[in-house]
Amino acid sequence: MSQASAWEQILDYSNRANPYPFYAELRKTPVTRLPDGTYVVSGYAEIASLLHDPRVSSDITLNPAAAAAGATGDDGEGPGMSPTFLSMDPPDHDKFRRIAMRHFGPPTTPGRVAGMEPRMTEIATELIDNMAGRTRIDVVDDLAYPLPVTVICELLGVPPGDEQRFRIWIDMALQSTDPGLDPETQQKKRAEAGKELRSLMEDLVEDHRQAPGNDLLSAMATDDGPEGRMSAEQLVGTGLLLLIAGHETTVNLIANGALTLLRHPHELQRLRNDPGLAIPMVEELLRYEPPVHFVPFRTALDDIEIAGTTIPAGSSFTLLLAAGNRDPAHVPNPELFIPDRPNNQHLGFGGGIHLCFGAPLARLEAQIALTEFANRLENPRLVTDPPPYRPSPFLRGPSHLQVDIDGVAEAAKTVRSKGDI
Ligand code: HEM
């Protein structure tokens with residue numbers, strides 16, 4: 001199989017349940033040039049190196065492939081969307097990331113994520129309580145989706161009534177990335193969703209500026225730190241970035257995690273016996289079945305020589321994180337799910353200056369959700385394997401995950417050892 005057709009197979013929806021053989025094919029040439037002149041990078045060492053290379057830009061306005069795909073609008077970002085630090089380079093990236101991080105994590109706000117742990121457990125408990133009396137559940141609809149969505153909305157300060165309104169347009173924005181759609185339809189969907197999302201977030205930012213609460217959006221909207229306040233446009237963009245990232249990634253981590261555990265009953269039993277295993281297990285899931293399979297639209301700012309290939313200045317390339325995660329040159333027996341494997345330096349959260357901002361939140365949510373799943377659902381069995389998948393090849397996860405159960409154990413049975421977290 002040629003490298004180009006391996007890439008086509010990866011994008012093909014019929015391979016969504018198991019793209020891994022095609023990743024292995026691509027890794028034979030870790031830096032591959034595709035017929036359209038873009039590059040795909042699939043080896044662990046090469047991806048890790050490019051993630052840390054200052055000659056690599058995330059600025060989507062510089063990227064020829066993004067422009068060809070209609071992913072950049074006249075305003076430079078996706079049509080109707082506001083620019084965010086995800087697609088900026090230093091120094092702007094660092095400045096806006098710092099302003100947002102100041103209210104999200106250490107050293108200034110160390111308690112924001114950790115302080116939500118009891119609430120996360122409460123939400124997960126309630127969601128599982130709601131499964132009582134049923135013989136069949138859908139892990140996506142009943143747990144993996146509502147938990148992270150409720151958490152990110154509460155953290156940001158999105159009122160419960162607004163969540164549904166955002167959800168419709170976030171779904172449409174994501175549909176617009178489906179490679180099965182023609183570019184015109186993709187662009188139309190993206191523009192429409194972007195406009196609506198922007199308008200919803202503008203209203204929300206204004207409300208929080210007028211009447212700040214104890215939430216992340218209020219904190220960013222009223223920040224008077226050394227960099228000065230974010231512009232209204234920046235706030236809208238950052239609010240949307242956090243909301244969308246919080247909606248769409250952790251969902252896949254929890255659903256991929258439940259699926260993997262049901263396929264590895266021995267590991268499911270080990271988690272029941274030892275809740276502390278949730279920590280390395282979630283790291284192994286981020287390697288073995290990561291929610292984000294690749295990051296597209298990186299641009300070489302200079303000629304970059306790597307793995308015997310030169311990526312010419314101005315070229316676009318994609319970093320295939322999920323292929324790097326299973327590179328046998330980096331990790332022994334990469335096709336095996338081994339929750340307590342040592343030195344698991346996975347690429348699930350990317351790396352370098354764009355390393356995932358929400359990683360501590362996502363980790364905690366998945367640890368809680370999977371521990372509850374393991375401890376409370378009695379005799380869970382997969383209804384279909386593989387399950388149906390969502391369309392996206394890069395935000396990859398099941399659209400539904402039906403599981404038959406014999407019952408739901410009392411919440412009191414679940415004991416999470418504080419010392420293990
Ligand atoms: C399991 C869940 C998650 C996964 C697998 C994930 C994965 C990633 C990856 C791979 C990147 C790097 C993108 C790049 O290099 O272009 C990233 C960046 C980012 N993530 Fe996450 N993410 C997750 C959850 C979250 C959550 C819950 C939030 C929000 C609270 C979040 C916010 C962000 C932001 C803001 C960035 C951009 C960081 C920057 O450019 O400096 N993520 N994420």
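Every value quoted in this text rests on a predicted model; they were computed, and no experiment measured them.

Enquirer: Could you give me a rundown of the overall build of the protein chain, with the residues and numbers involved?
Expert: Helix and strand counts for the protein chain stand at 18 helices and twelve strands. A globule of 421 residues ought to have a C-alpha radius of gyration of about 22 Å, and the protein chain, at 21 Å, matches this closely. C-alpha extents for the protein chain along the principal axes are approximately 60 × 60 × 40 Å. For the protein chain, long-range pairs separated by at least 24 residues make up 73% of all intrachain contacts whose partners lie at least 6 apart in sequence. As displayed, the protein chain has an accessible area near 17,200 Å², and 54% of this comes from carbon and sulfur atoms. Side-chain charges of the protein chain comprise 37 positive and 58 negative groups, with the mean position of each set lying 3 Å from the other.

Enquirer: Tell me about the nonpolar core, and name the residues and values.
Expert: Leu50, Phe166, Met201, Leu243, Phe317 and Leu320 are the most contacted members of the largest nonpolar core, which has 120 residues in total. Ranked by the residues each element gives to this core, the list is headed by helix H18 (residues 359-376), at ten residues. Apart from the residues within four sequence positions on either side, Phe317 is in contact with Tyr39, Val41, Leu50, Val56, Val295, Pro296, Phe297, Arg298, Thr299, Ala300 and Ile311.

Enquirer: Quick one: what's the story with the sheet that holds strand E5 (residues 295-300), residue by residue and with numbers?
Expert: Taken in spatial order, the five strands of this open sheet run E1-E2-E8-E5-E3, and their pairing is mixed. The sheet is open, and its two borders are formed by strand E1 (31-33) and strand E3 (56-57), each paired with just one other strand. Two elements, E1 and strand E2 (residues 39-41), share three bridges in a ladder whose sense is antiparallel. The residue bridging Arg33 from the neighbouring strand is Tyr39, located in E2. Packed on one face of the sheet, helix H3 (residues 44-51) meets E1, E2, E3, E5 and strand E8 (316-319) and runs near 120° to E8.

Enquirer: A description of the side chain of Ser42 should follow, citing residues and the corresponding values.
Expert: Note on placement: Ser42 falls in the loop between E2 and H3. Side-chain polar atoms of Ser42 contact the backbone oxygen of Leu26, separated by 3.4 Å. Ignoring anything within four residues of it in the chain, the contact list for Ser42 reads Leu26, Arg27, Thr29, Pro30, Ile47, Leu320, Ala323 and Gly324.

Enquirer: Go over the sheet that holds strand E10 (residues 381-382), please, and point to the residues and values.
Expert: Sheet strands associate in pairs through backbone hydrogen bonding, adopting either a parallel or an antiparallel arrangement. The three strands are arranged E4-E11-E10 in an open sheet whose pairing can be described as antiparallel. With partners counted over all chains shown, the strands left at the sheet margins are strand E4 (136-138) and E10, one partner each. Of the pairings in the sheet, the one linking E10 to strand E11 (residues 402-404) comprises two bridges and is antiparallel in character. Pairing of Arg381 across the sheet is with Asp404, part of E11.

Enquirer: Would you mind going over the coordination of the iron atom of the ligand in detail, with residue names and values included?
Expert: Looking at the protein side alone, the iron atom of the ligand has one donor only, Cys356 (SG), at 2.3 Å. Mapped onto the elements, Cys356 comes out in the loop between helix H17 (321-325) and H18.

Enquirer: Describe in detail H18, supporting the description with residues and values.
Expert: The terminal C-alpha atoms of H18, which comprises 18 residues, lie 26 Å apart, in line with the 26 Å expected from a rise of 1.5 Å per residue. Across the 18 residues of H18, 16 count as buried, placing the element largely inside the fold.

Enquirer: Could you give me a rundown of the site of the ligand, with the residues and numbers involved?
Expert: Looking at the ligand, there are 27 residues lining it, with His93, Arg97, Arg298, His354 and Cys356 nearest. A distance of 3.5 Å is found between an oxygen atom of the ligand and a backbone nitrogen or oxygen belonging to Ile353. Of all the elements in the fold, those that place two or more residues in the shell around the ligand are helix H5 (92-102), helix H13 (232-248), helix H14 (250-263), E5 and H18. In terms of residues, the shell around the ligand owes the most to one element, H13, which gives four residues. Grouping the amino acids of the shell around the ligand by side-chain chemistry returns 17 nonpolar, eight polar and two charged.

Enquirer: Let's hear about the confidence of the model for the protein chain: which residues, and what values?
Expert: Detailed reading of the predicted model is not advised wherever pLDDT is low. Summing up the model confidence of the protein chain, the mean pLDDT is 92 and the portion of residues at 70 or higher is 95%. Residue range residues 417-421 is modelled with pLDDT below 50. Its contacts to residues more than four positions away, or to other chains, number eight contacts.

Rules of the game
- Residues numbered from 1 in each chain as written.
- Predicted model: local features only at pLDDT ≥ 70, side-chain atom pairs only at ≥ 80, totals over all residues.
- Heavy atoms only, no water.
- Helix = DSSP H or I, 4+ residues; strand = E, 2+ residues; numbered from the N terminus.
- Rg over C-alpha atoms; globule rule 2.2 N^0.38 Å.
- Contact = heavy atoms within 4.5 Å.
- Areas by Shrake-Rupley, 256 points an atom, 1.4 Å probe, with all protein chains shown as cover.
- Lys, Arg positive; Asp, Glu negative; His and termini not counted.
- Charge placed at Lys NZ, Arg CZ, Asp CG, Glu CD.
- Core = buried A, V, L, I, M, F, W, Y, C linked by side-chain atoms within 4.5 Å.
- Buried < 20%, exposed > 50% of the residue type's maximum accessible area, 1.4 Å probe, protein only.
- Pairing = 2+ DSSP bridges.
- Axes fitted to C-alpha atoms, helices over the stretch in contact; angles between N-to-C directions.
- Polar contact = N/O pair within 3.5 Å; in protein donor to acceptor, adjacent residues only side chain to side chain.
- Donors = N, O, S within 2.8 Å, 3.2 Å for Na, K, Ca; no water.
- Expected span 1.5 Å × (residues − 1).
- Near = heavy atom within 4 Å.
- Nonpolar A, V, L, I, M, F, W, Y, C, P; charged D, E, K, R; others polar.
- pLDDT = per-residue confidence, 0-100.

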